[in-house]
Amino acid sequence: MSLTTKQQLFVNEYLKCFNATEAYIASYPNVTRTTAASNGYGLLRNTEISEAISQRLSESAMSADEVLMRLAEQARGEHGKYI
């Protein structure tokens, strides 16, 4: 089963703010903050939604080797032309 349009919107919003309540309010307007907090938490516990979030994070995250490579490039770089 795939995510509904609203659930996909929730995933997108959650990945912007990493706050389930705010993501729920953005995805499902006209709800109280208490309802958004409860339902947002519930959506995060949904296995399909949590898998979609994990997949999107793994697609955009850098590996440890890539982080070290970029830091090394910056450390060895010529900063004189930027100052």
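Note: the structure precedes this text.
This report concerns the structure included in the present document. This is a predicted model, so every value here is computed, not measured. (Residues numbered from 1 in each chain as written. Predicted model: local features only at pLDDT ≥ 70, side-chain atom pairs only at ≥ 80, totals over all residues. Heavy atoms only, no water.)

## Considerations on the packing of helix α1 (residues 5-17) against helix α2 (residues 20-27)
Alright, step 1. Where α1 meets α2, the axes come as close as 8 Å, and the angle between the chain directions of the two elements is 135 degrees. What the angle tells us is that α1 and α2 run oblique. Read as a crossing pair, α1 and α2 show a hand that is right-handed. Of the residues in α2, those in contact with K6, L9, F10, E13, Y14 and C17 of α1 are A20, E22, A23, Y24, A26 and S27.
Alright, step 2. Its residues assigned to classes, the contact of α1 with α2 comprises eight nonpolar, one polar and three charged. (Axes fitted to C-alpha atoms, helices over the stretch in contact; angles between N-to-C directions. Helix = DSSP H or I, 4+ residues; strand = E, 2+ residues; numbered from the N terminus. Parallel < 35°, antiparallel > 145°, perpendicular 65-115°, else oblique. Left-handed = near helix turned anticlockwise from the far one by under 90°. Contact = heavy atoms within 4.5 Å. Nonpolar A, V, L, I, M, F, W, Y, C, P; charged D, E, K, R; others polar.)

## Description of the pattern of salt bridges
Alright, step 1. Overall, the coordinates contain three salt bridges when judged by the stated rule.
Alright, step 2. A salt bridge links E22 to R33, with the shortest nitrogen-to-oxygen separation between them at 2.4 Å. In this pair, E22 sits in helix α2 while R33 sits in helix α3 (residues 33-45), placing the two residues 11 residues apart along the sequence.
Alright, step 3. E66 serves as the salt-bridge partner of R70, at 3.1 Å between the closest nitrogen and oxygen. Remark: E66 and R70 occur in helix α5 (residues 64-76); sequence separation between them is four residues, near one turn of the helix.
Alright, step 4. For R70, a relative accessible area of 42% gives the class partly exposed.
Alright, step 5. With relative accessibility at 26%, the residue E66 sits in the partly exposed group. (Salt bridge = Lys/Arg side-chain N within 4 Å of Asp/Glu carboxyl O. Buried < 20%, exposed > 50% of the residue type's maximum accessible area, 1.4 Å probe, protein only.)

## Points about the packing of α1 against α3
Alright, step 1. For the pair α1 and α3, the least separation of the axes is 11 Å and the interaxial angle reads 95 degrees. Accordingly, the angle class assigned to the pair α1 and α3 is roughly perpendicular. On α3, the residues that touch Q7, F10 and Y14 of α1 are G40, L43 and L44.

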